[in-house]
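Fold and contact review
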Amino acid sequence: MTRDAISTRIEQIAARAWQRNTDLAIYSVVHIDRLGVEARLQVLRISLDDDWRRGTRDLWWSFEGRRLRNDGTLGDRHEELSFRVAAITRRHLDGQWRPVLQVRQETA
């Protein structure tokens, strides 16, 4: 199995895990607050990234998609945010933002 095939399979598993545990799926509109760094986007890709760039072996969740404009409509600009600790809210069809999940750092 090639590295690309493995990465694709991991993305599929990650997206299913988020949908099963949080009802958050591809094409959901979310607001992610990662310790003061915020992003509002329509999710087009959910993946797990290794942390080799940061010099550790940790895995980070990565959400990619289309950034929301200031008026709340979908834009064309790409947005990506990786996180281990974040507060996530989801915009529902009625326009209300509701909490989905608080991803916390594990403590030993």
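The coordinates are above.
Summarised in this report is the structure supplied together with it.

Considering the nonpolar core
In this structure, Trp18, Val30, Ile32, Ile46, Phe63, Phe83 and Ile88 are the most contacted members of the largest nonpolar core, which totals 16 residues. Ignoring anything within four residues of it in the chain, the contact list for phenylalanine 83 reads Trp18, Ile32, Arg34, Trp60, Trp61, Phe63, Ile88 and Val103.

Some words on the sheet that holds strand β3 (residues 59-68)
The pairing of strands in a sheet happens through backbone hydrogen bonds and is either parallel or antiparallel. Strands sit in the order β4-β3-β2-β1-β5-β6 across an open sheet of six strands; the sheet is antiparallel. Looking at strand neighbours, the two that pair on one side only are β4 (74-83) and β6 (97-103), the edges of this open sheet. In this sheet, adjacent strand axes meet at a mean angle of 35° when their direction is disregarded. With nine bridges connecting them, strand β2 (residues 37-50) and β3 associate as antiparallel partners. Each bridged residue has a counterpart across the sheet, and for arginine 45 the counterpart in β3 is glutamate 64. Here helix α1 (residues 3-22) sits on the sheet in contact with β2, β3, β4, β5 (86-91) and β6, set at roughly 125° to β2.

About the thresholds
Residues numbered from 1 in each chain as written. Predicted model: local features only at pLDDT ≥ 70, side-chain atom pairs only at ≥ 80, totals over all residues. Heavy atoms only, no water. Core = buried A, V, L, I, M, F, W, Y, C linked by side-chain atoms within 4.5 Å. Buried < 20%, exposed > 50% of the residue type's maximum accessible area, 1.4 Å probe, protein only. Contact = heavy atoms within 4.5 Å. Pairing = 2+ DSSP bridges. Helix = DSSP H or I, 4+ residues; strand = E, 2+ residues; numbered from the N terminus. Axes fitted to C-alpha atoms, helices over the stretch in contact; angles between N-to-C directions.

In short, the description is geometric, and any link to function would need to be established separately.
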